[in-house]
Amino acid sequence: MSLVLDAAAQDLLFREARTANSFSDEPVTEEQVQAIYDLVKFGPTAFNQTPLRITLVRSPEARERLVKHMAEGNQAKTAAAPLVAILSADNEFHEELPQLLPHFPQAKDAFFSERPVREQSALVNASLQAAYFILGVRAAGLAAGPMTGLDFAGVQKEFLDADHTPLMVVNIGKPGENAWFPRSPRLDFDQVVTTV
């Protein structure tokens, strides 16, 4: 084996990890979410930017507001999950760059003064951070159910503002009964990797 990470950790994060479609009633605590974020915040991004924003949907009223914007096949599991997170990209992330990139505070204006450039960068880097977040959920011994089957404009209007672009909704918790669909195939190494 060429990997340093032990086999149990590889299984937890990748090989045995699955997208959960049902969850137990066990709650997900604020401490667990804090620990997840405190781990995944170290994942690399361009210019050390941190455009990911996480909106935790905990109250029954907020959950009801969210469920109506989910695709029909995602409504019941979103209503029943112990915790739901809306992951979005902050298109004004550049305001934090002087703090996050103290050796090059000029990056804020030199590279990100135009909104379309910021939106593209926020989308790419918040998507990276969303993937780290899903791995962090798995590292906490929980399962994630990321979904993009939703009314993005409706979620933005209901929970965010014009400066935040929704990326996905993630159900989080301990897996419940029949949580997994059969694993779908993956492409092999030689179908994906090209050496030049």
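Structure shown above.
Now for a look at the structure at hand. (Residues numbered from 1 in each chain as written. Predicted model: local features only at pLDDT ≥ 70, side-chain atom pairs only at ≥ 80, totals over all residues. Heavy atoms only, no water.)

1. Regarding the overall build of the protein
The cut-off we apply is this: Helix and strand definitions follow DSSP, with helices as H or I runs of at least four residues and strands as E runs of at least two, each counted in order from the N terminus. Using C-alpha atoms as the atom set, the radius of gyration is obtained and then compared with a globule rule of 2.2 Å times the number of residues to the power 0.38. Partly exposed residues are those whose accessible area sits between 20% and 50% of the maximum for their type, while under 20% is buried and over 50% is exposed, using a 1.4 Å probe and protein chains only.
Scanning the protein from terminus to terminus reveals nine helices and four strands. Helices (α) and strands (β) of the protein occur, in sequence order from the N terminus, as α-α-β-α-α-β-α-α-α-β-α-β-α. The C-alpha atoms of the protein give 18 Å as radius of gyration, which agrees with the globular expectation for 196 residues (16 Å, within 12%). Taking the principal axes of the C-alpha coordinates as reference, the protein spans close to 50 × 50 × 35 Å. Put simply, the protein has 196 residues, and 40% of those count as buried.

2. Structural notes on the pattern of salt bridges
Counted only if it meets this: Any carboxyl oxygen of Asp or Glu within 4 Å of a side-chain nitrogen of Lys or Arg constitutes a salt bridge here.
In the structure shown here, the tally under the stated rule is 13 salt bridges. Close ionic contact of Arg115 with Glu92 constitutes a salt bridge, the shortest N to O distance being 3.0 Å. With Arg115 in helix α7 (residues 115-139) and Glu92 in the loop between β2 (83-90) and α5 (97-100), the pair connects residues that are 23 residues apart, well separated along the chain. Accessibility expressed as a relative area gives 22% for Glu92, which makes it partly exposed. Its salt-bridge partner being Arg115, residue Glu119 comes within 2.9 Å of it at the nearest N-O pair. Placement of both Glu119 and Arg115 in helix α7 is noted, with a separation of four residues, approximately one turn of the helix. Of the residues examined, Arg115 reaches a relative accessible area of 25% and is grouped as partly exposed. Taken together, the shared-partner salt bridges in this structure form one network comprising Glu92, Arg115, Arg118, Glu119 and Asp163.

3. Observations concerning the environment of Val33
Going by this rule: Residue contacts follow a heavy-atom distance rule, with two residues in contact if any of their heavy atoms lie within 4.5 Å.
The residue Val33 is located in helix α2 (residues 30-40) in this model. With residues up to four places along the chain from it excluded, the contact list for Val33 reads Val28, Leu56, Arg58 and Leu83.

4. Section: helix α1 (residues 7-15)
Let me state the cut-off plainly: Comment: arc refers to directions from the helix axis out to C-beta atoms. Definition of a polar contact: a pair of N or O atoms within 3.5 Å, with one able to donate and the other able to accept a hydrogen when the atoms are protein atoms, and with sequence-neighbouring residues admitted only if both atoms are side-chain atoms.
Those residues of α1 that fall on the buried side of the exposure criterion are Ala9, Gln10 and Leu13. Buried residues of α1, seen end-on, are gathered within an arc of 100 degrees and therefore sit on one face of the element. Packing partners of the buried residues in α1 comprise α7. Structurally, the start of α1 carries an N-cap: the backbone nitrogen of Ala8 is 2.9 Å from a side-chain oxygen of Asp6.

5. Digging into the sheet that holds strand β3 (residues 143-147)
Convention followed: When DSSP finds two or more bridges between a pair of strands, those strands are recorded as paired. Helix axes are fitted only over the stretch in contact, all axes being lines through C-alpha atoms; the angle between N-to-C directions runs from 0 to 180 degrees.
Taken in spatial order, the four strands line up as β1-β2-β4-β3 in an open sheet, and their pairing is antiparallel. Two strands bound the open sheet, and with one partner strand each, they are β1 (52-57) and β3. Along the sheet, successive strands turn relative to each other by an average axial angle of 30 degrees, direction set aside. As defined by bridge partners, β1 adjoins β2 across six bridges and the pair is classed as antiparallel. In the sheet register, Ile54 faces β2, and the bridge partner there is Leu87. The strands that α7 touches are β1, β2, β3 and β4 (164-173); relative to β2, the one it contacts most, it runs at about 155 degrees.

6. Details of a nonpolar patch on the surface
As a reminder, the rule being used: Candidate patch residues must exceed 30% relative accessible area and have no salt bridge, after which like charges are joined if within 9 Å and Val, Leu, Ile, Met, Phe, Trp or Tyr side chains if within 5 Å. Per-residue and other accessible areas follow the Shrake-Rupley method at a 1.4 Å probe size, with only the shown protein chains counted as cover for residues.
Residues Leu187, Phe189, Val192 and Val193 make up a contiguous nonpolar surface patch of roughly 430 Å² in combined accessible area. With respect to the helices and strands, the residue Val193 is situated in the segment after α9 (189-192). Residue classification places Val193 among the partly exposed positions, given a relative accessible area of 39%.

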